[in-house]
Amino acid sequence: MALRVDVPLFAEAAGADRTYPIIIDAEAQAEERFAAELAARAPGARVGLVTDTTVARLHLPRFSAALAARQIAVTPVVVPDGETSKSLARAEEVAEAWARGGLDRGAVAVALGGGVVGDLGGFVASIYLRGIPYVQVPTTLLAQVDSSVGGKTGVNLPSGKNLAGTFYQPLFVYADITTLQTLGARDRAAGLAEVIKHGAIADVSLLELIEGRAAAARAGDPALIAELVARSCTIKARVVAADERETSGTRALLNFGHTVGHALESASHAEPTTDPRNDPRNDPGNDQDPLRHGEAVALGMLAAARVGVALGAGDATLEARLEALFAAVGLPTDLDRRLNAEVLARVAVDKKRAHGGLGFVVVERVGSAHLERIQVAQLSDVLLGTKAR
Ligand code: NAD
Ligand code: GLY
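**Q** Is there a simple way to explain the pairing of strand 11 (residues 357-365) in this structure?
**A** For a regular strand, the rule is simple: side chains alternate between the two faces of the sheet. Burial analysis of strand 11 places seven of its nine residues in the buried class, which makes it a mostly covered element. In this sheet, strand 12 (residues 368-374) lies alongside strand 11 in antiparallel orientation, the contact comprising seven bridges. What sits directly across from R365, in strand 12, is S368. Between the end of strand 11 and the start of strand 12, which pair antiparallel, lie two residues, with G367 showing a positive phi angle near 100°.

**Q** I keep staring at the site of ligand 2 and nothing clicks. Help me out?
**A** Close to ligand 2 lie D146, K152, K236, R251, L254 and N255. Side-chain polar atom of R251 to an oxygen atom of ligand 2: 2.7 Å apart, as the coordinates give it. Burial of ligand 2 by the protein amounts to 89% of the accessible area it has alone, namely 200 Å². Taken together, the residues that form the shell around ligand 2 break down as one nonpolar, one polar and four charged.

**Q** Before we go on, may I ask you to explain the nonpolar core in this structure?
**A** Considering soluble globular proteins, one finds that nonpolar side chains tend to be buried as a cluster. Of all hydrophobic cores here, the largest spans 76 residues; its most connected members are I196, L228, F256 and L379. I196 has contacts with L207, I210, L322, L325, F326, V329 and L331, leaving out every residue within four places of it along the chain. Counting 23 residues, the second largest nonpolar core, distinct from the first, contains L38, V55, L112 and F172.

**Q** Any chance you could explain unusual backbone geometry here in plain terms?
**A** Residues apart from glycine generally show negative phi values, whereas peptide bonds are mostly found in trans. One non-glycine residue, Q29, lies in the positive phi region at around 55°. Locating Q29 in the fold gives a position in the loop between strand 2 (17-25) and helix 1 (30-41). Within the chain, Q71 stands out as a residue other than glycine whose phi angle is a positive 60°. By secondary structure assignment, the location of Q71 is in the loop between helix 3 (60-69) and strand 4 (74-79). With relative accessibility at 71%, the residue Q71 sits in the exposed group.

**Q** Before we go on, may I ask you to explain the environment of G294 in this structure?
**A** Among the structural elements, G294 can be located in helix 12 (residues 293-310). Accessibility expressed as a relative area gives 1% for G294, which makes it buried. When the C-alpha atoms of G294 and L192 are compared, they prove to be 7.7 Å apart, with 102 residues separating the residues in sequence. Setting aside residues no more than four positions away along its own chain, G294 makes contact with L142, A190, A193 and L331.

**Q** Before we go on, may I ask you to explain the packing of helix 7 (residues 185-202) against helix 12 in this structure?
**A** The packing of two helices is summarised by the inter-axis angle and the distance between the axes. Running from amino to carboxyl end, helix 7 crosses helix 12 at an angle of 40°, the nearest separation of the two axes being 7 Å. Judged by the angle between their axes, helix 7 and helix 12 are oblique. Regarding helix 7 and helix 12, the two cross each other, and that crossing is left-handed. Residues R186, A190, A193, E194 and K197 of helix 7 form the contact with helix 12, whose participating residues are H293, G294, E295, V297, A298 and M301. For the contact of helix 7 with helix 12, the residue count by class is five nonpolar, two polar and four charged.

**Q** How should the site of ligand 1 be read in this particular structure?
**A** Ligand 1 sits among 27 residues. The nearest are D52, E83, T140, K161 and T182. The separation between a nitrogen atom of ligand 1 and a polar main-chain atom of T179 is 2.9 Å. Every element with two or more residues in the shell around ligand 1 is listed here: helix 2 (53-58), helix 5 (115-127), helix 6 (141-147), strand 8 (160-167) and helix 7. A breakdown of the residues in the shell around ligand 1 according to their chemical character gives five nonpolar, eleven polar and eleven charged.

**Q** So what exactly am I meant to see when it comes to the side chain of D176 here?
**A** Tracing the backbone shows D176 in strand 9 (residues 172-176). Here D176 falls in the buried class, since its relative accessible area comes to 0%. Of note is the side chain of D176, whose polar atom sits 3.0 Å from the side chain of R62. Ignoring sequence-local partners within four residues, the contact set of D176 consists of D25, A30, R62, F63, P138 and Q144.

Criteria and thresholds
- Residues numbered from 1 in each chain as written.
- Chains lettered and ligands numbered in written order.
- Predicted model: local features only at pLDDT ≥ 70, side-chain atom pairs only at ≥ 80, totals over all residues.
- Heavy atoms only, no water.
- Buried < 20%, exposed > 50% of the residue type's maximum accessible area, 1.4 Å probe, protein only.
- Helix = DSSP H or I, 4+ residues; strand = E, 2+ residues; numbered from the N terminus.
- Pairing = 2+ DSSP bridges.
- Near = heavy atom within 4 Å.
- Polar contact = N/O pair within 3.5 Å; in protein donor to acceptor, adjacent residues only side chain to side chain.
- Areas by Shrake-Rupley, 256 points an atom, 1.4 Å probe, with all protein chains shown as cover.
- Nonpolar A, V, L, I, M, F, W, Y, C, P; charged D, E, K, R; others polar.
- Core = buried A, V, L, I, M, F, W, Y, C linked by side-chain atoms within 4.5 Å.
- Contact = heavy atoms within 4.5 Å.
- Axes fitted to C-alpha atoms, helices over the stretch in contact; angles between N-to-C directions.
- Parallel < 35°, antiparallel > 145°, perpendicular 65-115°, else oblique.
- Left-handed = near helix turned anticlockwise from the far one by under 90°.

See the structure below:
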């Protein structure tokens, strides 16, 4: 039985009401119901599909077969796995493949994959022929609980993550929970980080649920995971509906952990430039680099909890509480080992930087957060100054 969460979005510019559904389907052969949904919402449309190498091997055949069974023509583009596919060069390749495949303005894009494919596919859909409709079919836990919802698309630039992108809402989101059966433990934990984020900023009972069932969450218990997806999507839909384009500060609360998290993520992908003795990538015990996005956000949440306390505004128990939960679900906790001047320099180019300092999310008590402004220098003082505790 498929669950449905409707995302009510209020287009700020047009003042028009728009909604789209997130369909959460935990039953076998979800691809057939997905194809039926697509045929009903975009009758006669050809499909420009983006996926990555791993998802193409594991899940593309059954989705392609279901679309073919409904006579839906598909032009698939397969990009390499991983964050490096979120680039302008890769976006051009996808658009060029669709153009060579003859996709016109009547086509629909489908992003079948994790957050990388979703961000890239949504971005290309938003610029191809000045925009064609697109559908998110998220296949990682992170994409099902977070990135497929809310219409943020984008690619990375050499200066930092997500520095080029658009707000572009999908036609619908189809989360086939069974795709998660092939997901590795590390990617499952990375998705749990975003669920924990939603609990920390907006719903104490969601955080308590994961704390109480950490082992089942870590193991990917299907019923629990379906509940976490539905609850996360409900929270995210509510926040996005209140502030679609992150102008009022409400949506910015979803960036809890991202200011330092993005910097840690970029640093873990970059060539070493720091003293090699201080670089966690050179630690023989380190098998976590480059960091997954969710792992970096988890570490960023620890940093944000610490900074919140230093600002006199944050929950004093949060850092220890999150650290215990991260250890229980298989997320990294080695924040201090990773903090250095290079990481803080990366924070300074974060896209959320604005005149008068960074917008920084502080959880004042679990389930409630607000935005503070902080200077990068102040952030450095707090984080590098507390490192050796
Ligand atoms: P990802 O897309 O790189 O997927 C992680 C790995 O899992 C990849 O190797 C992929 O091939 C593999 N994979 C995907 N589905 C699988 C499956 N069903 N079985 C086995 N393997 C599978 O990473 P992610 O964690 O899904 O997403 C991270 C990205 O999402 C980052 O770029 C981040 O910036 C972005 N993001 C965007 C938003 C947003 O609102 N747009 C929100 C959060 C994160
Ligand atoms: N992941 C942050 C947002 O969607 O706004």
